[in-house]
Each structure stands twice: as C-alpha cells, then as structure tokens.
Amino acid sequence: MLTAKQKELLLYIHERIKETGVSPSFDEMKEALDLASKSGIHRLITALEERGFLRRLPHRARALEVLKLPDSAAPAPMAAKARTGFKPTLASMGEHSAEGSLPILGRIAAGVPIEALQNEIGRVAAPPELVGSGEHFALEVKGDSMIGAGILEGDVVILKRTESADSGDIVVALIDAEEATLKRLRRRGNSVALEAANPAYETRIFGPDRVRIQGKLVAMIRRYA
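Below is a summary of the structure that appears in this document. None of the values given here were measured: they were computed from a predicted structure.

## Re the pattern of salt bridges
Opposite charge on two side chains lets them pair, provided their charged atoms get close. Counting across every chain of the model gives eleven salt bridges. Arg 16 serves as the salt-bridge partner of Glu 28, at 3.6 Å between the closest nitrogen and oxygen. Of this pair, Glu 28 sits in helix α2 (residues 26-32) while Arg 16 sits in helix α1 (residues 4-20), and the two are twelve residues apart along the sequence. When sorted by exposure, Glu 28 lands in the same class as Arg 16, which is buried. Lys 38 serves as the salt-bridge partner of Asp 27, at 3.8 Å between the closest nitrogen and oxygen. With Asp 27 in helix α2 and Lys 38 in helix α3 (residues 38-50), the pair connects residues that are eleven residues apart, well separated along the chain.

Encoded structure:
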C-alpha cells in the first residue's frame, strides 16, 4: 500500500511521461509535491522502486519507468498545478491544411544560445484554432536542452509575439540584443533565470535589462518520417 505522497509522485511521473515522453526532473517533482528538498523525492522514488511500482533505467539521466499503477489510480490533485505553463500540441506536418500559415523565422537554440535570426526561411501551415488570436511566428528548434518539456531538435515551435510572460512560461528570450534562446522563464527577485529542461544544461541568470522576451510558446509541430 502506498502513502499519499508516494501515490501523488507515481501518478505525476506517469502523466509527465505520457505527455512528453520524458520523466520529470527532481526539481520539477519537488515543486509538484511541495517538498522542501530533493532528498524527499529520492526517498519516495526509492520506496516506489522497492514496492515494484517504478524502475530507474541505467545509463540514462532522468530515466524512470512506471511499471504499474495503484488500483485506485485517480488523478492526483497536484497534477494540474504541476503542469502549468506549456503543454505541447503535437501534429504531423502533413496533417495541416492550407487555411493559414506562419513564417518560420529561423532556427532557435534549445541549448547554448545562438545568434538571433529574423529572416524567413519558410512557412508552416497552422490552422487558426491551433494558435488562437494575435500575431504568431514559428521557429525550428536546434539542440536538446528542452527535451524534458517534450521539445526535440527539429520540432517547429509556434510562438505568440509578446514582450511579457509569466514565470514558468517557455519563451524565446533575446539576450544582450544579440543571442536568442528557447527556455523556461523564471523570475527570481529582480533577476531573470532562463531554465533548461535538461539536467545537462545549467540555468542562466541575468539582470532584467539584459533579457527581452520576443514570444511565448503556444504550440509545437513535429515532423514524422
């Protein structure tokens, strides 16, 4: 029999893997369960492993596999809170009609920031219901720093053009007016943190005058072979 916290964590991991294909980070699990430290998450994962509900996959960072769910697998109350922010909307490129299109303005780094690109390199079909109202544009993702958010190299991300975003949103941020990167925005007092969704990359922290938001992620299109 699982404790309430063990069950919450197991269901959260299950939902995140189902949605993104990648298990959440320890920081994300800590925040989702409102725990004070990651050591509590380590203890919960160990307990779930010992009870046969969870397995760590060897030689892979952040790789967890849910082996089974409890009999009463009702959605945990924290799940909605933990998934605030961007939820990928996936579609095959071939499934879009020609009723609307967006400019692809270049390739954006989901890794080490690259030079900002503002030259149209193509267009992508995007039905109005996918992007909603307002001005939108698209960028092709380069790099792997956002894999924990379900964003892979080669994906096309659709962004709503805006200069403001909430903490936790995934944004295109322009750094020092010359580098652009796709990262999760976190506000830390007067500083701005650009957070990767891959433990191989460090969170970068800047003064507010060094970062300008160019767009907020609203959807994603994935090419399928």
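## Here's the deal with the environment of Lys 183
Among the structural elements, Lys 183 can be located in strand β9 (residues 179-188). As a C-alpha pair, Lys 183 and Gly 168 span 15 residues in sequence and 9.6 Å in three-dimensional space. Polar side-chain contacts of Lys 183 include one of 3.0 Å to the side chain of Thr 181.

## Some points on the nonpolar core
Membership of the largest hydrophobic core comes to 18 residues, with the highest contact counts inside it found for Ile 108, Leu 139, Ile 151, Val 157, Leu 159 and Leu 182. Among the secondary structure elements, those contributing two or more residues to this core are β3 (101-109), β6 (136-142), β7 (156-161), β8 (170-175), β9 and β12 (211-221). Counting residues in hydrophobic clusters, the runner-up holds 15 residues, among them Leu 9, Leu 10, Ile 45 and Leu 64.

## A word on the environment of Leu 105
Tracing the sequence through the fold places Leu 105 in strand β3. Spatially, the C-alpha atoms of Leu 105 and Arg 123 are 8.5 Å apart, while their sequence positions differ by 18 residues.

## Observations regarding unusual backbone geometry
We note that Asp 34 has phi near 55 degrees; this positive angle belongs to a residue other than glycine. Checked against the element boundaries, Asp 34 lands in the loop between α2 and α3. Judged by relative accessible area, which is 58%, Asp 34 ranks as exposed.

## Here's the deal with α3
End to end, α3 covers 19 Å across 13 residues, agreeing with the expected 18 Å (1.5 Å per residue, within 8%). On its buried face, α3 is in contact with α1, α2, β1 (54-56) and β2 (64-66). Gly 52 lies just past α3 and shows a positive phi near 80 degrees.

What counts as what
- Residues numbered from 1 in each chain as written.
- Predicted model: local features only at pLDDT ≥ 70, side-chain atom pairs only at ≥ 80, totals over all residues.
- Heavy atoms only, no water.
- Salt bridge = Lys/Arg side-chain N within 4 Å of Asp/Glu carboxyl O.
- Helix = DSSP H or I, 4+ residues; strand = E, 2+ residues; numbered from the N terminus.
- Buried < 20%, exposed > 50% of the residue type's maximum accessible area, 1.4 Å probe, protein only.
- Polar contact = N/O pair within 3.5 Å; in protein donor to acceptor, adjacent residues only side chain to side chain.
- Core = buried A, V, L, I, M, F, W, Y, C linked by side-chain atoms within 4.5 Å.
- Expected span 1.5 Å × (residues − 1).
- Contact = heavy atoms within 4.5 Å.

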